[in-house]
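Here is what each chain is made of, one letter per residue.
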Amino acid sequence: MFDDEKCLCGSGRMYSICCKPFSGLGIEGYKKEIGSKNYIKAYYIAVAMLSDYLENVKKHTNRALKENPVFGQYLLQMDVNTLSELSDRIFQCIPDGNNDNWGERFESIKDLVDAEDWKNECVYYQLLYYTLNNDKGRFSEQIEAIARNIKVDMHTDQRTLELLQSVLLPTGELTKLLALDDILIEKTDDSFMKLKYKFDKAIQFSLVSDNNGAKDIADEVIEELEKGILYTEDELYSQDVSAQIYEMYFDFDPDSKWLEKSLQIREQMKTERFNKSGKAKYYSDVAYTYWKMGNYEAAEQSFRTSLGYEERPFAQIYLMDCLVEQNKVKNLKEYLNSVEFKDLGVDSIDFLIILGNAAIRLNDTSSIELLKEYLKDMRVYVPYFKFCLKELELELEKKSGKIMRLLNKLSPLKDYLILQPQINGMGINLGKLLDDMKK
């Protein structure tokens with residue numbers, strides 16, 4: 001690459017001031033900086049390694065695909081695998097606060113090779129980058145565009161299917177989600193992962209109120225899990241998924257033994273292998289299981305432990321509910337004012353439901369009025385929860401007194417009204433009205 005050429009990493013800068021200063025340091029230099037915890041330099045070395053490799057891709061791959069298709073396909077597969085390995089290294093050490101937009105960079109890298117496998121690999125890393133960095137919903141449009149354009153069939157990469165599943169889940173697009181689950185079940189050779197995908201499918205059915213179909217599938221999954229361990233004790237991911245399945249199965253069969261089973265699995269997990277974020281998630285998951293059991297004291301302790309590692313909105317929200325259940329809340333309004341509602345993202349749904357119920361239980365008028373303002377500002381749309389939010393809105397209105405004031409104004413007419421659901425909201429006692437007119 002010439003100094004005055006645009007760097008192949010997609011930064012838009014000249015090669016001389018972008019990747020050249022770190023070119024040639026290679027994997028040994030990368031490992032050295034990682035070992036020294038100098039992640040910023042490791043990041044720039046990783047990007048330079050990608051640029052160095054992309055130069056070879058640009059020179060050889062398209063030509064090989066045209067002139068010698070058999071060798072070209074072999075070279076393409078090697079290039080795709082190398083792109084994946086180099087990209088993983090970059091993503092593992094992107095420094096906090098770094099503004100390099102890898103979604104846009106992969107758009108540039110995608111054009112280097114005219115082959116579907118290469119372009120699909122770039123799309124996967126675009127979607128991964130946007131999903132991981134979708135703080136405050138800033139990449140929602142890009143995520144939606146990629147999700148619409150990904151071709152979903154048996155040839156789609158399994159990683160892409162799983163990532164697409166996590167992106168589509170909050171949208172409620174049941175047809176696509178069920179298609180994804182079916183393909184994932186068929187593609188995987190791992191018996192445990194088949195169970196995970198089957199349980200995902202059960203959840204999709206339950207969220208659209210097909211409770212019988214959902215329970216049938218969930219029962220099959222639990223029956224297989226109960227036959228014996230499908231993974232070793234060192235497989236933290238499999239342990240975590242198993243614990244989640246047992247915890248969520250409680251919603252199909254409300255027997256506390258499933259929650260106890262979930263906790264037993266988590267107790268066996270080797271938490272010393274987690275980083276701070278992993279420990280925060282672990283204790284938050286344990287706390288949530290205790291919360292579902294109604295053991296609010298134990299849940300409170302685990303939520304506080306989780307927040308000691310990392311402040312997460314989910315833990316903060318459910319900790320508040322534990323405090324409400326134990327009558328420990330002194331000032332709900334103060335807590336509400338301390339939360340940046342617009343920054344909560346999907347957690348805003350849990351926030352409104354949990355805090356709304358707390359405000360109603362405590363009959364806290366000022367908090368009720370503030371929550372009603374939050375409901376008006378709601379920007380996250382998740383179809384599964386729209387009815388919960390509508391019900392909450394109605395309950396808040398009841399508590400705020402507006403409905404009662406309206407009924408008081410109508411008190412002279414109360415003998416003529418039937419206050420129960422009718423097509424247009426109220427019924428009229430026509431017989432009473434005619435009798436009184438005759439009098």
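In this report, the structure presented in the accompanying data block is examined. (Residues numbered from 1 in each chain as written. Predicted model: local features only at pLDDT ≥ 70, side-chain atom pairs only at ≥ 80, totals over all residues. Heavy atoms only, no water.)

Some thoughts on the nonpolar core
Counting 79 residues, the largest nonpolar core has Trp102, Ile109 and Trp118 as its most contacted members. The element best represented in this core is helix α2 (residues 39–67), accounting for twelve residues. Trp118 has contacts with Leu54, Val57, Leu76, Asp79, Val80, Leu83, Ile109, Lys110 and Val113, leaving out every residue within four places of it along the chain. Counting residues in hydrophobic clusters, the runner-up holds 31 residues, among them Trp291, Tyr335, Val339 and Leu371. (Core = buried A, V, L, I, M, F, W, Y, C linked by side-chain atoms within 4.5 Å. Buried < 20%, exposed > 50% of the residue type's maximum accessible area, 1.4 Å probe, protein only. Helix = DSSP H or I, 4+ residues; strand = E, 2+ residues; numbered from the N terminus. Contact = heavy atoms within 4.5 Å.)

Some remarks on the environment of Phe314
When you line up the elements, Phe314 lands in helix α15 (residues 313–325). Look at Phe314 and you get partly exposed, because its relative accessible area is 24%. Taking the C-alpha atoms as reference points, Phe314 and Ser348, 34 residues apart in sequence, are found 9.1 Å from one another. When near neighbours in sequence (up to four residues on either side) are disregarded, Phe314 contacts Ser284, Tyr288, Phe303, Asp347 and Asp350.

A closer look at the pattern of salt bridges
Tallied over the entire structure, the rule returns 21 salt bridges. The salt bridge partner of Arg266 is Asp285, with a shortest N-O separation of 3.8 Å. One end of the pair, Arg266, is in helix α12 (residues 256–267); the other, Asp285, is in helix α13 (residues 276–293), and 19 residues separate them in sequence. Comparing Arg266 with Asp285, the two get one shared label, buried. Put simply, Lys281 and Asp285 hold a salt bridge, and the shortest N to O gap is 2.5 Å. Residue Lys281 and its partner Asp285 are both found in helix α13; the two are separated by four residues, about one turn of the helix. Accessibility expressed as a relative area gives 19% for Asp285, which makes it buried. Salt bridges sharing common partners tie together Asp240, Arg266, Lys281 and Asp285. (Salt bridge = Lys/Arg side-chain N within 4 Å of Asp/Glu carboxyl O.)

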